[in-house]
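Breakdown of the fold
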Amino acid sequence: MERRREILVGLVVVLGIAVGVVGTIWLQGGWRGDQLMLRAASPSAGQLVAGASVKFRGVAVGRVESVAVVPSGEAVMIEMSVRPDLAIPPDAAVLVAPESFFGDWQAEIIARDEYQVHPFLEFPEEGVLPGVALPDFSRLTATADQIAGRLTTISERFEVAFTEETAMNLKNLIDNLGLISDDLSKMISQQAARFDELAVGVSESARELAGAARTARTMLENADSLLTDAGVGTMLGDAGESMRNLRTLTGDMREAMAEMRAAAQQGVTTMNRLEGLMARAESGEGLMGRLLADQELAEGVTTAVANLNTLLADIKDNPTRYLSFSIF
Amino acid sequence: MVLFPVTVPLSRPLAASGRSTLAALGSIGQASALFAGSVRALRDIGVWGPLLLPQMARVGVASVPIALFIAMFTGIVMSLQASYTLTGTIPLYFVGTMVGKTMILELGPVLTGLTLAGRVGANISAELGTMRVTEQVDALETLAYNPIAYLVVPRTLAGILMFPFVVLLAIAMGIMSGWLTALQLLDMSSPEFIKGLRLFFEPWDVWFAVVKSVSFGAVVTGIGCFCGLQTDQGAEGVGRSATRTVVVSSMIILCLDAFWAAVLL
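Rules of the game
Residues numbered from 1 in each chain as written. Chains lettered and ligands numbered in written order. Predicted model: local features only at pLDDT ≥ 70, side-chain atom pairs only at ≥ 80, totals over all residues. Heavy atoms only, no water. Helix = DSSP H or I, 4+ residues; strand = E, 2+ residues; numbered from the N terminus. Buried < 20%, exposed > 50% of the residue type's maximum accessible area, 1.4 Å probe, protein only. Contact = heavy atoms within 4.5 Å. Areas by Shrake-Rupley, 256 points an atom, 1.4 Å probe, with all protein chains shown as cover. pLDDT = per-residue confidence, 0-100. Phe/Tyr/Trp six-rings, centres within 6.5 Å; stacked < 30°, edge-to-face > 60°. Buried area = accessible area lost by both parts, 1.4 Å probe. Salt bridge = Lys/Arg side-chain N within 4 Å of Asp/Glu carboxyl O. Polar contact = N/O pair within 3.5 Å; in protein donor to acceptor, adjacent residues only side chain to side chain. Pairing = 2+ DSSP bridges. Axes fitted to C-alpha atoms, helices over the stretch in contact; angles between N-to-C directions. Disulfide = S-S within 2.5 Å. Core = buried A, V, L, I, M, F, W, Y, C linked by side-chain atoms within 4.5 Å. Expected span 1.5 Å × (residues − 1). Patch = residues over 30% accessible without salt bridge, like charges linked within 9 Å, V, L, I, M, F, W, Y side chains within 5 Å. Left-handed = near helix turned anticlockwise from the far one by under 90°.

Turning our eyes to something else, we now look at the overall build of chain A. Within chain A, the regular secondary structure consists of seven helices and seven strands. When the helices and strands of chain A are read in sequence order from the N terminus, they spell out α-β-β-β-β-β-β-β-α-α-α-α-α-α. Buried positions account for 18% of the 328 residues belonging to chain A. When contacts within chain A are restricted to residue pairs at least 6 apart in sequence, long-range pairs at least 24 apart make up 54% of them.

On to the overall build of chain B, then. Counting secondary structure elements, chain B contains nine helices and zero strands. Its helices and strands taken in sequence order, chain B reads α-α-α-α-α-α-α-α-α from the N to the C terminus. For chain B, the residues scored as buried account for 45% of the 265 residues in total. Sequence separation of at least 24 residues holds for 84% of the intrachain contacts in chain B that already meet a minimum separation of 6. With the model as given, the accessible surface of chain B reaches about 12700 Å², and the carbon-plus-sulfur share is 71%.

Of the residues in chain A, 96% reach a pLDDT of 70 or more, and the chain-wide mean stands at 83. For chain A, per-element mean pLDDT is lowest for helix α7 (residues 319–322) of chain A, which scores 74, and highest for strand β4 (residues 76–82) of chain A, which scores 92.

Right, let's talk about the packing of aromatic side chains for a bit. Residues and elements named next belong to chain B. Applying the stated criterion across every chain yields a total of seven aromatic pairs over all chains. For the pair Y93 and F94, a centre-to-centre distance of 5.1 Å together with 25 degrees between the ring planes defines the contact as stacked. On the basis of relative accessibility, which here comes to 11%, the residue Y93 falls in the buried class. Relative to F193, the ring of W179 lies with its centre 6.0 Å away and its plane at 10 degrees, an arrangement referred to as stacked. Residue W179 is found in helix α6 (residues 147–185), and its partner F193 is found in helix α7 (residues 190–199); the two are separated by 14 residues along the sequence.

Turning to the interface of chain B and chain A, a few remarks are in order. Often, the extent of an interface is quoted as the loss of accessible area on bringing the components together. Contact residues are listed per partner, giving 28 residues for chain B and 24 residues for chain A. Here chain B and chain A share an interface that buries about 2100 Å² over both sides, 80% of which is from carbon and sulfur atoms. Ranking the residues of chain B by area buried against chain A places L53, F165 and R198 of chain B at the top, with a combined share of 25%. Taken together, the connections running from chain B to chain A amount to zero salt bridges. The interface formed by chain B and chain A contains one residue pair in polar contact (both at pLDDT 80 or more). Breaking the side of chain B that touches chain A down by element, the ones donating at least two residues are α2 (45–59), α4 (94–133), α6, α7 and α8 (203–229) of chain B.

Time to look at the sheet that holds strand β5 (residues 92–98) of chain A. Residues and elements named next belong to chain A. Read once around its circumference, the closed barrel built from seven strands follows the order β1-β4-β3-β2-β6-β5-β7, with strand pairing classed as mixed. Averaged over all neighbouring strand pairs, the angle between strand axes comes to 35 degrees, with direction disregarded. Judged from the seven bridges that link them, β5 and strand β6 (residues 105–111) form a sheet pairing that is antiparallel. By the bridge assignment, A97 is partnered in β6 with Q106.

On to the side chain of S241 of chain B. All names here are of chain B. As for its position among the elements, S241 is in helix α9 (residues 234–264). According to the relative accessible area criterion, S241 is buried, its value standing at 7%. A distance of 3.2 Å separates a polar atom in the side chain of S241 from the backbone oxygen of C227. The contact partners of S241, leaving out residues within four places of it in the chain, are S125, C227 and T231.

Moving on: the state of the cysteines. Applying the stated rule across the entire model yields zero disulfides over all chains. Looking at C225 of chain B, it has no disulfide partner, and the nearest cysteine sulfur is the one in C227 of chain B, 9.7 Å off.

Here we take up the nonpolar core. If you look at the biggest cluster of nonpolar residues, it comprises 73 residues, and the most contacted ones within it are V95 and F193 of chain B. Per element, the largest residue contribution to this core is 18 residues, and it comes from α6 of chain B.

A few words now on unusual backbone geometry. All names here are of chain B. Despite not being glycine, D187 shows a phi value in the positive range, around 60 degrees. Note on placement: D187 falls in the loop between α6 and α7. Looking at D187, the relative accessible area reads 71%, which means it is exposed. Residues other than glycine seldom take positive phi values, yet Q233 does so here, at roughly 65 degrees. Within the secondary structure, Q233 is located in the loop between α8 and α9. Owing to a relative accessible area of 58%, Q233 belongs among the exposed residues under this scheme.

Another aspect to go through is the pairing of β6 of chain A. Residues in a regular strand point their side chains to alternate faces of the sheet. All names here are of chain A. By the criterion of burial, β6 is predominantly enclosed, with seven of the seven residues buried. Where burial is concerned, the two faces of β6 agree: the one with W105, A107, I109 and A111 and the one with Q106, E108 and I110 are both buried. In textbook terms, the turn of a hairpin is the stretch between consecutive antiparallel strands, and for β5 and β6 this stretch comprises six residues, one of which, G103, has a positive phi near 95 degrees.

Helix length check: helix α3 (residues 64–86) of chain B (23 residues) gives 32 Å between terminal C-alpha atoms against 33 Å at 1.5 Å per residue, within 8%. Among the residues of α3 of chain B, V64, A67, A71, T74, G75, M78, S79, A82, S83 and L86 of chain B are the ones counted as buried. Each element contacted by the buried residues of α3 of chain B is listed here: α1 (2–27) of chain A together with α4 and α6 of chain B.

All names here are of chain A. Side chains of F158, F162, L170, L173, L177, I180, L184, M187 and I188 sit close together on the surface and give an oily, nonpolar patch of about 850 Å² of accessible area. Broken down by element, the nonpolar patch gets its largest block of residues, seven residues, from helix α3 (residues 164–228). Note on placement: L177 falls in helix α3. With a relative accessible area of 48%, L177 lands in the partly exposed category.

Attention now moves to the pattern of salt bridges. Counting across every chain of the model gives 14 salt bridges over all chains. Close ionic contact of R244 of chain A with E241 of chain A constitutes a salt bridge, the shortest N to O distance being 2.6 Å. Of this pair, R244 of chain A and E241 of chain A both sit in helix α4 (residues 231–282), separated by three residues, roughly a single helical turn. Here D205 of chain B makes a salt bridge to K101 of chain B, at a shortest N to O gap of 2.7 Å. With D205 of chain B in helix α8 and K101 of chain B in helix α4, this pair connects stretches of sequence that are 104 residues apart. Beyond isolated ion pairs, a larger network of salt bridges with shared partners links R58, E127 and R155 of chain B.

To continue, consider the packing of α6 of chain B against α8 of chain B. The geometry of α6 of chain B relative to α8 of chain B is characterised by a closest axis approach of 7 Å and an angle of 145 degrees between their N-to-C directions. Where α6 of chain B crosses over α8 of chain B, the handedness of that crossing is right-handed.

As structure tokens, then:
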């Protein structure tokens, strides 16, 4: 009896311990051998807790071992244990996100270039994967609340702005729009009639243009026949002769121009000399200068010239007085 | 009565309140004395040691069938009611979560505790009450036995030691029955149920259940011993003690349940 009692008690105790230990291990995900430990830093952990799933390409490959804020307070360090044979991409990062709509979160190992829009946290420690946490529902709800508040403000302002007077103004505006619409309709009708007239004019102009085109075509045909005629050769020969004559004339003119240029040069030189002489005369140099500068000398010369004229006249009148001609 | 000749009608309820208060305080004092005596009696291992194993068998092993029976149906009901509640947008695998969490944290320990309060507590109270009214306890004292070491310590230790194992087995049974119910009646698959079961599982949950069950074991056996040793007035008193044990144990179990939830969770 005592032996049976001992066995029963022992059985219950062993079974209870086995249920507690094995059940706990099993509910945690089963007994796992050596695991690869990974660490990731994220600005936030969201609702991630120890024991949450770690996934890679949607497949559960491990679990979160711990979630803790780093001592500096600038990030959350997430430690994960994953299958040791897991081939992690070289640019691996960790995306912390809800696993479902019901509060369970997961850490997903991703290739960073596939999620370039997310601001991953680069933690200055070797071996720490960059991470980022998606906003949870509370943040989304907070944002929705802000939007709702702004919508409320807008609706209140609209309510304030949209008074009975505003409604009347709007009604008047609509009436005015109706009137404007009628006026526009009339104007369009008038313009349509004018467009019809214009179209008729354009049609006539087109016909005239067609006639002019026909005339031009005839003229071109005549010119073509003229160009093919033998008289053109003569005309071209005469024109060539005229060009040659013109070229000769041009050469002669070039020579005349050269001579004129030389004459002009000489004129310039003469004028320079004259200016020099005039300058010297004005400065009193030479006979002319002295005559210009000395009034008495000029009168003397004038008197002398008058006397000479008198003398010459007397010589003409009385040559024998001054000349004696004898042969021997 | 001489001092309050005018307020005689009012003095009766006041006197009743006073008597109740004094009785309650007296009971607390007696319970404290029993607790202190039990702690002192732990030194008399030669007295209670040989009696521990039989008491463990009575308190623990004999309680396993009824505990498993209750847990099995609790798991079935939990599974069905969870699926009924979660019908709609919430995925059905949360049935596993609700069954697991509820059985581990609450229903496993509390229902087992309440059940054992009726079975073990009433049994201990009736046994010790009978010994008290038949003066067997006095005979033990006459024979120089410490009745606390001989009667109280082995029963209380047996309850403290065996309740956690009974509760763990009950939790396992409740989860298993809930799982089978989900498979057979809710058209769920095992991976779905296990996913929900593991979803928010924390090892601390199991420790929480163990801590609660230890306290429940101490309460049920301790109150059974206390009420049994307080028995008087013959067979009628024995029945009252048994009833009182069940009622007080159940109340304290529920109070402790709330206390541990507030303290440990």
